[in-house]
Amino acid sequence: MKLDPKSPPNSDDYYLGIALAVRRKANCTGNRVGAVIVKNKRVISTGYNGVPEGMKNCLDGGCLRCSNPKGRFPSGTAYDLCICVHAEQNALLAAARFGIAVDGAHMYTTMQPCFGCAKELLQARISQVSYLHPWSPTDADPEMDKAKKGEYEKILAKLNVEHLKSFKDPVAAWAVTSMRKPKQ
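Residues numbered from 1 in each chain as written. Predicted model: local features only at pLDDT ≥ 70, side-chain atom pairs only at ≥ 80, totals over all residues. Heavy atoms only, no water.

## Some details on the pattern of salt bridges
Alright, step 1. On inspection of all chains with the given rule, the structure shows three salt bridges.
Alright, step 2. For arginine 23, the salt bridge goes to aspartate 169, with nearest N and O atoms at 2.7 Å. Taken together, the positions of arginine 23 in helix α1 (residues 11-23) and aspartate 169 in the loop between β5 (161-163) and α5 (172-175) put the pair 146 residues apart, joining distant regions of the chain. For the residue pair arginine 23 and aspartate 169, the accessibility class agrees, reading buried in each case.
Alright, step 3. Note that lysine 154 is salt-bridged to glutamate 151, the shortest N-O span being 2.9 Å. Residue lysine 154 and its partner glutamate 151 are both found in helix α4 (residues 142-159); the two are separated by three residues, about one turn of the helix.
Alright, step 4. Judged by relative accessible area, which is 40%, glutamate 151 ranks as partly exposed. (Salt bridge = Lys/Arg side-chain N within 4 Å of Asp/Glu carboxyl O. Helix = DSSP H or I, 4+ residues; strand = E, 2+ residues; numbered from the N terminus. Buried < 20%, exposed > 50% of the residue type's maximum accessible area, 1.4 Å probe, protein only.)

Below you can see the structure in the form of structure tokens.
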């Protein structure tokens, strides 16, 4: 959806626009994601993906996995070595740090939450998730891939997830690894 400066944005446009602005601070070499938690029509927390506070940024080589994307660690592997904290996690953690309850809140995120974040959002009792770009779990083993997708779908069904397909991302190629042009 292209924003019309003459008309006020609807809630989805407004909150997703904030998530896009928050995403600009993401310091990961992979997907760059922003998230906003909204409760009672108020922004209560934001988060973007990057390394924990006080650590060398991913973009500066701070994460072993992200600094070797195509070499040592094939796509979809070694996530346990990645030190980046996802945007959704950072939004939940920031709310917790400041004593803000998220039970029943709505999360807007620039990317569909991964398997781990989806579980955490469900456990934190986020009632709805609206996202811009899709994400899909993958595994080298087709049987395991099918099992992961099945379990992931169970979690998403409980979260009340909505894909905001009509919203257009002006810098998707910068933010989403699958949309980036390969370097020549």
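## Details of the layout of surface pockets
Alright, step 1. Roughly 320 Å³ of volume is contained in the second largest pocket.
Alright, step 2. Lining the second largest pocket we find 15 residues, and of these Tyr48, Val51, Glu53, Asn90 and Arg97 sit closest to its centre.
Alright, step 3. Of all the secondary structure elements, the ones that give two or more residues to the lining of the second largest pocket are β2 (42-48) and α2 (87-97).
Alright, step 4. When residues in the lining of the second largest pocket are grouped by element, the largest group, four residues, is from α2.
Alright, step 5. Residue composition of the lining of the second largest pocket, by class: seven nonpolar, six polar and two charged. (1 Å grid on protein atoms, 1.4 Å probe; cavity = no way out; pocket = protein on both sides within 12 Å on 5 of 7 lines; lining within 4 Å. Points joined across faces, edges and corners; volume = space filled by probe spheres on them. Nonpolar A, V, L, I, M, F, W, Y, C, P; charged D, E, K, R; others polar.)

## Some details on the nonpolar core
Alright, step 1. Judged by nonpolar contacts, the single largest core of 21 residues is most densely connected at Ile37, Met107, Leu121 and Ile126.
Alright, step 2. Contributions of two or more residues to this core are made by β1 (34-39), α2, β3 (106-111), α3 (115-123) and α4.
Alright, step 3. In this view, isoleucine 37 contacts Arg42, Val43, Ile44, Ser45, Ala91, Leu92, Val102, Ala105, His106, Met107 and Ile126; residues no more than four positions away in its chain are not counted.
Alright, step 4. One finds Tyr15, Ala19, Tyr108 and Leu132 within the second-largest nonpolar core, a separate group that totals 10 residues. (Core = buried A, V, L, I, M, F, W, Y, C linked by side-chain atoms within 4.5 Å. Contact = heavy atoms within 4.5 Å.)

## Re unusual backbone geometry
Note on backbone geometry: most residues besides glycine have negative phi, and most peptide bonds are trans.
Alright, step 1. Despite not being glycine, asparagine 40 shows a phi value in the positive range, around 55°.
Alright, step 2. Checked against the element boundaries, asparagine 40 lands in the loop between β1 and β2.
Alright, step 3. Overall, the relative accessible area of 69% leaves asparagine 40 in the exposed class.
Alright, step 4. With a phi angle near 65°, lysine 41 is a residue other than glycine that sits in the positive phi range.
Alright, step 5. Here lysine 41 is to be found in the loop between β1 and β2.

## Side note on the environment of tryptophan 135
Alright, step 1. Tracing the sequence through the fold places tryptophan 135 in the loop between β4 (128-133) and α4.
Alright, step 2. Separated by 22 residues in sequence, tryptophan 135 and proline 113 have C-alpha atoms that sit 7.1 Å apart.

## Observations concerning the side chain of threonine 110
Alright, step 1. With respect to the helices and strands, threonine 110 occurs in strand β3.
Alright, step 2. Judged by relative accessible area, which is 1%, threonine 110 ranks as buried.

## Here's the deal with the packing of α2 against α3
Alright, step 1. At their nearest, the axes of α2 and α3 sit 9 Å apart, and the two run at 30° to each other. On the basis of the axis angle, α2 is roughly parallel to α3. α3 is crossed by α2, and the crossing has left-handed handedness. In this structure, α2 contributes Glu88, Gln89 and Leu92 to the contact, and α3 contributes Cys117, Glu120 and Leu121.
Alright, step 2. Partitioning the contact of α2 with α3 into residue classes produces three nonpolar, one polar and two charged. (Axes fitted to C-alpha atoms, helices over the stretch in contact; angles between N-to-C directions. Parallel < 35°, antiparallel > 145°, perpendicular 65-115°, else oblique. Left-handed = near helix turned anticlockwise from the far one by under 90°.)

## As for the pairing of β1
Alright, step 1. With respect to burial, β1 is a largely interior element, five of its six residues being buried.
Alright, step 2. When β1 meets β2, the two strands line up antiparallel, connected through six bridges. Counterpart to lysine 39 in the pairing with β2 is arginine 42.
Alright, step 3. What sits between β1 and β2 in their antiparallel hairpin is a turn of two residues, with asparagine 40 showing a positive phi close to 55°.
Alright, step 4. Bridge count between β1 and β3: four bridges; the pairing is antiparallel. Counterpart to alanine 35 in the pairing with β3 is threonine 109. (Pairing = 2+ DSSP bridges.)

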